[in-house]
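Tertiary structure, described
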Amino acid sequence: MKTFVIPDNTKMEERNIVLDGDIIIGNHSDVRYGLIANSAILGERVEVSGDIKAISDIRIDIWSHIGGTVKTKENAYIGEFVSIDGKLVVKGDLDIGNDVKIKGGFEAKGWIVVRNPVPVIAYLFLYLTELLRMGKDEEVEKALNELFDEEVETIGNVAMIIPNGSKISMDSIRVPSNAVVGNDCRLVGNIRATSLDMANGTTLYGSIRTMNTVNLGENNIIHGNIVSRGEVYIDKGTHVLGEINASSIRIHETARVDGVMRASGGIVFEREGEDVLTDNELMTLDI
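Conventions used here
- Residues numbered from 1 in each chain as written.
- Predicted model: local features only at pLDDT ≥ 70, side-chain atom pairs only at ≥ 80, totals over all residues.
- Heavy atoms only, no water.
- Helix = DSSP H or I, 4+ residues; strand = E, 2+ residues; numbered from the N terminus.
- Buried < 20%, exposed > 50% of the residue type's maximum accessible area, 1.4 Å probe, protein only.
- Contact = heavy atoms within 4.5 Å.
- Areas by Shrake-Rupley, 256 points an atom, 1.4 Å probe, with all protein chains shown as cover.
- Phe/Tyr/Trp six-rings, centres within 6.5 Å; stacked < 30°, edge-to-face > 60°.
- Lys NZ or Arg CZ within 6 Å of the ring centre and 35° of its normal.
- Patch = residues over 30% accessible without salt bridge, like charges linked within 9 Å, V, L, I, M, F, W, Y side chains within 5 Å.
- Salt bridge = Lys/Arg side-chain N within 4 Å of Asp/Glu carboxyl O.

The name given to the chain in an unreviewed UniProt entry is Acyltransferase, and the organism recorded there is Methanococcoides methylutens MM1.

Structure (structure tokens):
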């Protein structure tokens, strides 16, 4: 789980991250939001500050801490030493480990079994196996790319993937490797990643800082600066309200940058069917 993946239509609201699909959070991650998703899978020692609400199953691995209420319309699997500050509400079966602390009490309409649920890493293989059984080969391929590939070229709608050791809050989105953002998302926080690929129609209320490339698709809005040691590419209709500092910049002529653009390797303006390269003396532009 090296790549941070945000699927289409994901919204970061004031207190919650809201998405249509599933969410998978790697070990030792810190998410200063609540979660509203189809299903939620949390690794070991994960911190979630708010509520977790899911239509399908919720799975929380050992030593994790939930700062709010956990609700699911289906089954819940809670590992050993998990602590939940709110209430646990399960419409289906509850599979729970030893030494679990639930301050608000719990409700379960199905069977309650006290044992150690399957670890999350093993469950992920079961998750992929079930997709194969249902004939969703393309979704399995996308999921495997998201989980194990260094370079993700496709944006799947299977799940939101938060890699091990990530930190997500209102102020920042810090991930250990690459980040891939889908279409029509609303994100809050300064993104810090190895590289960033963003599709179309996304609004980011924050800046972007990467070691490698930044690729922004069409009609995105970035409310902040972009700083990268690699190349920055900005497609048509995208609006950057801050500055851009990079090794090199390629920008479509219909894109807009409110601040200064600086690139030691030069700036290329793309027109329909042709490129226009700036003079070396004009590597610093104010547009």
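Counting its secondary structure elements, the chain contains two helices and 40 strands. Looking at the chain as a whole, 51% of its 287 residues qualify as buried. In the chain, the proportion of contacts linking residues at least 24 apart, taken out of those at least 6 apart, comes to 22%. Carbon and sulfur atoms provide 47% of the accessible area of the chain, an area that totals close to 13400 Å².

So, on to the packing of aromatic side chains. Within a pair of aromatic rings, the relevant descriptors are the distance that separates the centres and the angle that separates the planes. Per the stated rule, a full pass over the model turns up one aromatic pair. Measuring from centroid to centroid gives 4.3 Å for W63 and F81, while their planes differ by 10 degrees, and the two rings are stacked. Placement of the pair is W63 in the loop between β10 (58–60) and β11 (65–66) and F81 in the loop between β13 (76–78) and β14 (83–84), with a sequence separation of 18 residues. With relative accessibility at 32%, the residue F81 sits in the partly exposed group. The ring centre of Y77 lies 4.1 Å from the NZ or CZ of R59, which sits over that ring.

Our focus in this paragraph is a nonpolar patch on the surface. Side chains of F106, I112 and V114 sit close together on the surface and give an oily, nonpolar patch of about 290 Å² of accessible area. Relative to the elements of secondary structure, V114 occurs in strand β19 (residues 112–114). The class for V114 is exposed, based on a relative accessible area of 57%.

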